[in-house]
2 protein chains.
Amino acid sequence: MASLGDIGLAAAINILSAFAFLLAFAILRIQPINDRVYFPKWYLKGLRSSPLQAGVFVSKFVNLDFKSYIKFLSWMPAALQMPEPELIDHAGLDSAVYLRIYLLGLKIFFPIAILAFSVMVPVNWTNSTLERSNLTYSSIDKLSISNIPTGSNRFWTHLVMAYAFTFWTCYILKREYQIVATMRLHFLASERRRPDQFTDKNLYLTIGKVLLERKSFMTINLVLVRNVPPDPDESVDELVEHFFLVNHPDHYLTHQVVYNAKNLSSLVSKKKKRQNWLDYYELKYSRNQSTRPTKKTGFLGLWGSSVDAIDFYTDEIKRLSEEVKLEEQKVMKNSKYIMPAAFVSFRTRWGAAVCAQTQQSRNPTIWLTEWAPEPRDVYWDNMAIPYVSLTIRRLIIAVAFFFLTFFFMIPIAFVQSLANIEGIEKAAPFLKSFIEMSFIKSFIQGFLPGIALKIFLIFLPTILMIMSKFEGFISVSALERRAATRYYIFQFINVFLGSIITGTAFQQLDKFIHQSANEIPKTIGVSIPMKATFFITYIMVDGWAGCAGEILRLKPLIFYHLKNFFLVKTEKDREEAMDPGTFGFNTGEPQIQLYFLLGLVYAVVTPFLLPFILVFFALAYVVYRHQIINVYNQEYESAAAFWPDVHGRIIFALVISQLLLMGLLSTKEAANSTPLLITLPVLTIWFHLYCKGRYEPAFVKHPLQEAMMKDTLERAREPKYNLKEFLQNAYIHPVFKGDEDSDSEVMSEKWEEQEPVLVQTKRQSRKNTPLPSKHSGSLSS
Amino acid sequence: MASLGDIGLAAAINILSAFAFLLAFAILRIQPINDRVYFPKWYLKGLRSSPLQAGVFVSKFVNLDFKSYIKFLSWMPAALQMPEPELIDHAGLDSAVYLRIYLLGLKIFFPIAILAFSVMVPVNWTNSTLERSNLTYSSIDKLSISNIPTGSNRFWTHLVMAYAFTFWTCYILKREYQIVATMRLHFLASERRRPDQFTDKNLYLTIGKVLLERKSFMTINLVLVRNVPPDPDESVDELVEHFFLVNHPDHYLTHQVVYNAKNLSSLVSKKKKRQNWLDYYELKYSRNQSTRPTKKTGFLGLWGSSVDAIDFYTDEIKRLSEEVKLEEQKVMKNSKYIMPAAFVSFRTRWGAAVCAQTQQSRNPTIWLTEWAPEPRDVYWDNMAIPYVSLTIRRLIIAVAFFFLTFFFMIPIAFVQSLANIEGIEKAAPFLKSFIEMSFIKSFIQGFLPGIALKIFLIFLPTILMIMSKFEGFISVSALERRAATRYYIFQFINVFLGSIITGTAFQQLDKFIHQSANEIPKTIGVSIPMKATFFITYIMVDGWAGCAGEILRLKPLIFYHLKNFFLVKTEKDREEAMDPGTFGFNTGEPQIQLYFLLGLVYAVVTPFLLPFILVFFALAYVVYRHQIINVYNQEYESAAAFWPDVHGRIIFALVISQLLLMGLLSTKEAANSTPLLITLPVLTIWFHLYCKGRYEPAFVKHPLQEAMMKDTLERAREPKYNLKEFLQNAYIHPVFKGDEDSDSEVMSEKWEEQEPVLVQTKRQSRKNTPLPSKHSGSLSS
């Protein structure tokens, strides 16, 4: 029950701390030494070279141009300047559409806030219910629905406002869905791999490299087929070929099987590390030719006999090269290493669109086809999960997630009960005298219980990602989408409901089970106005200061300098030390959604909260736009496949806000409003179904008309393209090159020529993001 | 709380009445005069001719062969003799699979009953809880779970049994789903229109007739396209042609647009009636050449000037023929009459399968494609509903159905309150003396209140069908499936729950809303054992006697003889008077499902109910098998498209039974069983999702492999078939012939030749049922 003054103080503190962060950022970012921390995206794109290479020695590290300190907020307009098409080109559609979520927040809440303040706040303010009651109340409560006397006719204002807000939100949502769907279709239709994108050699298609050499633009019409059934007479390779030759005779072009090359991949990465050391020592030697560098052969180079480092690593690399070659041959020869999956390419987009959308076999659990995810987006480990195993995994994860959400406090409480002072003293009596020191004691008592929970919350997104991986999705984007959904549910139950109704999620669940269906919205509804100040503080701390902290990039900054100081040996190491990160859909989006939920729930109840939400969305938009332009290096491109989830969760928040308003009003004896309030969620859900039918197919299916248009266009543009000759030259295996970093699994591919006749067709890889990062590279080397 | 003796008496009464029905049937069916009532299917198939045409006069009406009276139950083995493949051939896959639902009941409940009686009944019986309590109880209750003392360990038996029953049911369900899916795929793959099927001239494809003439077997690879967008420059006809020529260039063959020909249809049917009169008078004249028959021109031929009947009708037919011709030209010329839908045919099954499964346009709400339903299955009125209207209709119907289910008692109570004696006396004072007669008075008081409810329940399936029609489904089978789902929900809430918890559905709803989530299964669960005797009686009256009544066909029998006596003028009229009916999926299936629900719910609680269910399933199986073989004439063939619904509802019943058992056991203080009981529905729902993924696509999608196999097979069999020449001859419009009965709407079609080259292909209409009935004919004439 904080007063306006309290809130003002908290706001001042948070604004100041956010301002301090921004100031620190403004100063740090213009120091040349931090350049790679604050502009990694440009380095990865090869458009910025290290400032360390030229100039006065000091100015290599510190910016001495004092003018630049004056315009320390200049990054803000700069971040806003890049037009959207250029942004899509620069950072990919995913990033551009992700920013639209923040814009969507502004679009929804700005008119709502204006309407609420011009209509609802006066209506609330001109009552004196709270003054006459003997309750303690704050000035904020005077602006909220709590100030309206029970049974008052003024509740009609809130009802009308609820309708207005719902219609406005739905209108904006529909418009946005349409825009994003159009953007996606346009993006998919116009995607062309630019030559510079092939430099990373991370494509699963060796063909990509040849494309690069020829500098020609091609469409690669790829479909991923999984669950190829085992056949006693034919290998997967032959089986896939025969199946598609028979069932897509006019469109099938060729295919490549997926190899399970975990071993090979680890060997290749080992070789790469050795290569890096060799480079380092050679560099060292070239600078100081007097002594050849030496190395100890023992653990971590700390003991053992000393040998010539360059010779040692040259030998090691030779040995590993041999091993890699052997392993390669083993993988290629042994059918054990072939996974029952393949990338099938088609002559035309039309043929690929048909294959991706249709059921191939009588048994719907084999020969599953779908558009191949972008090379960097593929999650290789899940390529070979059979249908039954998949359904069992789903069940296990569903149950596990239920327990995680509602019972996560149990193991944490257990750890907390162990991690008290008596427990530690018992387990390790020798620490007793140390622990008994009053400073240490108070530290343990104060922090230990919280630490277990904090650690859990930090690892929660990782746990959720592991769950998604276990569930068997085959693209990283799908993994992240699922993890985001789970994170949102977790936050909704444990942060939103948990803050409103105090107690653990399990206690809430128990309470709800023992409560009647129409009591639940009431219980939550009546607590809502009381929690407004809490959520305002939450928005300021988590939202405002969080955004400002995000732009400062304190963790990458420290880690970069530490790495740079201790580990970086070669230029390549320095590049890897940059850690640009991504916008992190699986954690970022659920966080934004929490603000949508708060905004929609409080719009009618306590409109005073809305400006705080607006400031968050505006600040976050600028900050994330800056980060996406200068920092983040998105690991994959899903062409905004996440939008249906974003849309769905806002609808969910809208329905929740309507139900809670209904609960609140029914306790206020504005009972004759109930039928009108029930109508709202019904209409909202109907609106959702309408949008789902109207726009969702753009994110799932692939219209044949579009494919055909594109095919015709390309045929007209390059009518005589000879793909077959082209494929013969393209017979190179990327895993054989050994010049990539691969830490998880290696895909090797084999392009088979199928067609004895010359065929006209053009091919181009499917998705379009500027530059794959090192992580994605590791997936597909 | 009926005792075993009471139940025995009720059973005896019901068995006797069922036996009386069967006896009456056995006697009536062998009378030649009833032949058309009890064997209409064979007449419609043309395999049986009227027994009225030969023999001694008396034996034309009464069976004098007394031997046949002795073997009066001979129809039962006869009904069981026809093997399933022959049954499919004779009555269609829908009917054959419909019978499998009854068999499924036997397969599920026979082992369950044996297990329950050998394990659970002894466990229940050997307690004396009820004896020691001072409650009144019956012998049936002694066999039920009520006889187990609270907190007893014996509840573990029930728990284990619940698991066993669930696993058995799921096993059988999975097996059955697999069998039906295979049957469906096989049926669709092997379907060939036999020549005799074209005699009805009811195909929407004029081509069908030519096929008949050529006696060749062809596959017609038809796709229905709807929501063709309006175009200012092109007609629907041209638009469809251009769209498919562009987007399916290699597979598109031709198309026919759909005409809205309501007027034309009514003219044609008028003409047909006149023709029938003419036939009648000509027959009359030919028998008695002395006087030419005359007719009065006024109302119903009762007054007005007398004219020569044959001349009158000849003139009338001539006039109507002119009108029909004019209307035809109007329909064909005016683009207003063309609906934005078309039947598109493809060269190959593969091309059709592709088109039916893919999204055509960028906008997913236009150019909607799906497999064309069977001609007789098409519901023409809904061909032209745009997407927005469709979603609004769905919303309206969802809300309307909610109110229908929960508030249907309100208008009925209102009617009842009006239809009391005082109300009638007030409204019609002149009836007062009549009503005051004590017999009439007691009749009105006794029956009137019930009549409103009864009338509502009789019309409920019709109301639900109207709702489905309004919702915009485009095939009769889909209409019936949706109506069946709604009827099941209605029955579940108002019959099942309504019987257990007395009170109207709205009162239940109100109660449930004000009750906590875990109280609801308890409330229902504890009432379940008490209602066992009620449901046993229900099964006997509604199930046993109902089945026996179904085979007697009292209503069609009476109506046939009435019609035969008063209305039948020509042989054609007599054929139409037969009214074979159908098995009525929209009412029949929900009724069976109620027995599945009762069986599964009571299996653990009161196993004594199971034998009654078993008798019902066995009797119904024999009766309906007989009816399907001899009587029913299915109006359409959906190739068992309803099975996913059947499967889903049994799963629903299973989950309900598990939840109710949980509620019941939690009141019995067998609380430590709750986690084990919660596991059951989770597993069941998971099983459902597994089956849905594994088998449902067979009912929705169209595997390309199958299509390609079929294409190849046909190409090999008839490699040089010239479809183009064939189509040139086929340019006939069935509506122009005027020899069909059309009472709703007329489809005329126009086959366009598209291809200047000769094409190899074979075509055959899609679905396969022996004979369309007159109703279906009316839809597609």
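Residues numbered from 1 in each chain as written. Chains lettered and ligands numbered in written order. Predicted model: local features only at pLDDT ≥ 70, side-chain atom pairs only at ≥ 80, totals over all residues. Heavy atoms only, no water.

Moving on to the sheet that holds strand β1 (residues 221–226) of chain A. Residues and elements named next belong to chain A. As summarised here, the arrangement of the four strands in space is β2-β5-β1-β6, forming an open sheet in which the pairing is antiparallel. At either margin of the open sheet sits one strand with a lone partner, and together these are β2 (252–259) and β6 (368–371). For this sheet the average axis-to-axis angle between neighbouring strands, irrespective of direction, equals 30°. (Pairing = 2+ DSSP bridges. Helix = DSSP H or I, 4+ residues; strand = E, 2+ residues; numbered from the N terminus. Axes fitted to C-alpha atoms, helices over the stretch in contact; angles between N-to-C directions.)

This part takes up the pattern of salt bridges. All names here are of chain A. Under the definition given, this model contains 24 salt bridges over all chains. The partner of Glu370 in a salt bridge is Arg226, and the shortest N-O contact between them spans 3.0 Å. Residue Glu370 is found in strand β6, and its partner Arg226 is found in strand β1; the two are separated by 144 residues along the sequence. Note that Glu323 and Arg319 form a salt bridge whose closest N and O atoms lie 2.7 Å from each other. Of this pair, Glu323 and Arg319 both sit in helix α14 (residues 309–333), separated by four residues, roughly a single helical turn. Each of Glu84, Arg100, Lys107 and Glu176 takes part in salt bridges that share partners, so that together they form one network. (Salt bridge = Lys/Arg side-chain N within 4 Å of Asp/Glu carboxyl O.)

Taken residue by residue, the interface counts 49 residues in chain A and 49 residues in chain B. Of the roughly 4200 Å² buried where chain A meets chain B, counting both sides, 59% is carbon and sulfur surface. Area buried by chain A at its contact with chain B is led by A:Gln359, A:Arg362 and A:Trp686, which between them contribute 17% of it. At the boundary of chain A and chain B, one finds zero salt bridges. Taken together, chain A and chain B are joined by 18 residue pairs in polar contact (both at pLDDT 80 or more). Of all the secondary-structure elements, those providing two or more residues to the side of chain A that touches chain B are α10 (155–190), α12 (236–247), α15 (349–357), α16 (387–407), α22 (505–513), α30 (674–695) and α32 (704–717) of chain A. For the side of chain A that touches chain B, the leading source of residues is α30(A), giving seven residues. Here the residues of the side of chain A that touches chain B sort into 24 nonpolar, 20 polar and five charged. (Contact = heavy atoms within 4.5 Å. Buried area = accessible area lost by both parts, 1.4 Å probe. Polar contact = N/O pair within 3.5 Å; in protein donor to acceptor, adjacent residues only side chain to side chain. Nonpolar A, V, L, I, M, F, W, Y, C, P; charged D, E, K, R; others polar.)

Attention now goes to the sheet that holds strand β1 (residues 221–226) of chain B. Residues and elements named next belong to chain B. Strand order across the open sheet formed by four strands is β2-β5-β1-β6, with antiparallel pairing between neighbours. Each of the sheet's edge strands pairs with one partner strand only, and the pair in question is β2 (252–259) and β6 (368–371). The average angle at which neighbouring strand axes cross in this sheet is 30°, direction not considered. Both β1 and strand β5 (residues 338–346) contribute to a ladder of five bridges, which runs antiparallel. Looking at β5, one finds that Asn221 is bridged to Phe346.

Evaluated as defined, the whole model comprises 82 aromatic pairs over all chains. Aromatic pair A:Phe244 and A:Phe346: ring centres 6.2 Å apart, planes at 80°, arrangement edge-to-face. With A:Phe244 in helix α12 and A:Phe346 in strand β5 (residues 338–346), the pair connects residues that are 102 residues apart, well separated along the chain. With relative accessibility at 0%, the residue A:Phe244 sits in the buried group. With a centroid separation of 6.5 Å and 65° between ring planes, the pair formed by B:Tyr98 and B:Phe585 is classed as edge-to-face. One end of the pair, B:Tyr98, is in helix α7 (residues 93–125); the other, B:Phe585, is in helix α27 (residues 585–605), with 487 residues separating them in the sequence. Accessibility expressed as a relative area gives 1% for B:Phe585, which makes it buried. Taken together, the aromatic side chains of A:Tyr98, A:Tyr102, A:Phe109, A:Phe583, A:Phe585, A:Tyr595, A:Phe596, A:Phe616, A:Phe617, A:Tyr624, A:Tyr632 and A:Phe642 make up a single cluster linked through ring pairs. (Phe/Tyr/Trp six-rings, centres within 6.5 Å; stacked < 30°, edge-to-face > 60°. Buried < 20%, exposed > 50% of the residue type's maximum accessible area, 1.4 Å probe, protein only.)

For the rest of this paragraph, the subject is the relation of the copies chain A and chain B. The operation relating the two chain copies consists of a rotation about an axis and a shift along that axis. Overlaying chain A on chain B yields an RMSD of 0.1 Å, the required transformation being a rotation through 180° with an accompanying axial translation of 0.0 Å. Classification of the inter-copy transformation places it as that of a two-fold axis. In terms of proximity to the rotation axis, the leading residue of chain A is A:Ser516, whose C-alpha is 1.7 Å off the axis. (Least-squares fit on C-alpha atoms with pLDDT ≥ 70 in both.)

Looking now at a nonpolar patch on the surface. Residue and element names in this part refer to chain A. On the surface, a nonpolar cluster with roughly 800 Å² of combined accessible area is contributed by Leu554, Ile558, Phe559, Leu562, Phe565, Phe566 and Leu567. For Leu554, the location among the structural elements is in helix α25 (residues 554–566). The partly exposed category is assigned to Leu554, whose relative accessible area is 46%. (Patch = residues over 30% accessible without salt bridge, like charges linked within 9 Å, V, L, I, M, F, W, Y side chains within 5 Å. Areas by Shrake-Rupley, 256 points an atom, 1.4 Å probe, with all protein chains shown as cover.)

Residue and element names in this part refer to chain B. Orientation of helix α10 (residues 155–190) relative to helix α30 (residues 674–695), taken along the N-to-C sense of each, is 5°, at an axis distance of 11 Å. Between α10 and α30, the angle falls in the class roughly parallel. Mapping the contact onto sequence places Trp156, Leu159, Ala162, Tyr163, Thr166, Cys170, Leu173, Lys174, Tyr177, Gln178 and Ala181 in α10 and Leu676, Leu677, Thr679, Leu680, Thr684, Phe687, Tyr690, Cys691, Arg694 and Tyr695 in α30. By residue class, the composition of the contact of α10 with α30 is 15 nonpolar, four polar and two charged. (Parallel < 35°, antiparallel > 145°, perpendicular 65-115°, else oblique.)

Attention shifts here to the environment of B:Pro230. Residue and element names in this part refer to chain B. Considering the arrangement of structural elements, one finds Pro230 in the loop between β1 and α12 (236–247). Judged by its relative accessible area of 81%, Pro230 is exposed. Residues Pro230 and Lys330 lie 100 residues apart in sequence; the distance between their C-alpha atoms is 20 Å.

This paragraph deals with helix α29 (residues 643–667) of chain A. Residues and elements named next belong to chain A. For α29, spanning 25 residues, the distance from its first C-alpha to its last is 37 Å, which sits close to the expected 36 Å at 1.5 Å a residue. Burial runs high along α29: 19 of the 25 residues are buried. Positive backbone phi, at 60°, marks Glu669, one or two positions downstream of α29. (Expected span 1.5 Å × (residues − 1).)

Right, let's talk about the domain arrangement of chain A for a bit. All names here are of chain A. Under the domain assignment, chain A is made up of domain 1 (4–192 + 388–700) and domain 2 (223–372). Each partner contributes to the interface: domain 1 provides nine residues, whereas domain 2 provides 10 residues. Around 760 Å² of area is buried between domain 1 and domain 2 when both sides are counted, 54% of it from carbon and sulfur atoms. At the boundary of domain 1 and domain 2, one finds zero salt bridges. Secondary structure elements with two or more residues in the side of domain 1 that touches domain 2: α10 and α26 (571–577). Looking at the side of domain 1 that touches domain 2, the element that brings in the most residues is α26, giving three residues. Its residues assigned to classes, the side of domain 1 that touches domain 2 comprises three nonpolar, one polar and five charged. (Domains from an automatic or database assignment.)

Attention now moves to the side chain of B:Thr391. With respect to the helices, strands and loops of the structure, B:Thr391 is situated in helix α16 (residues 387–407). Using a relative accessible area of 11% as the deciding quantity, one classes B:Thr391 as buried. Contact partners of B:Thr391, with chain neighbours within four places excluded, come to A:Trp686 and A:Tyr690.

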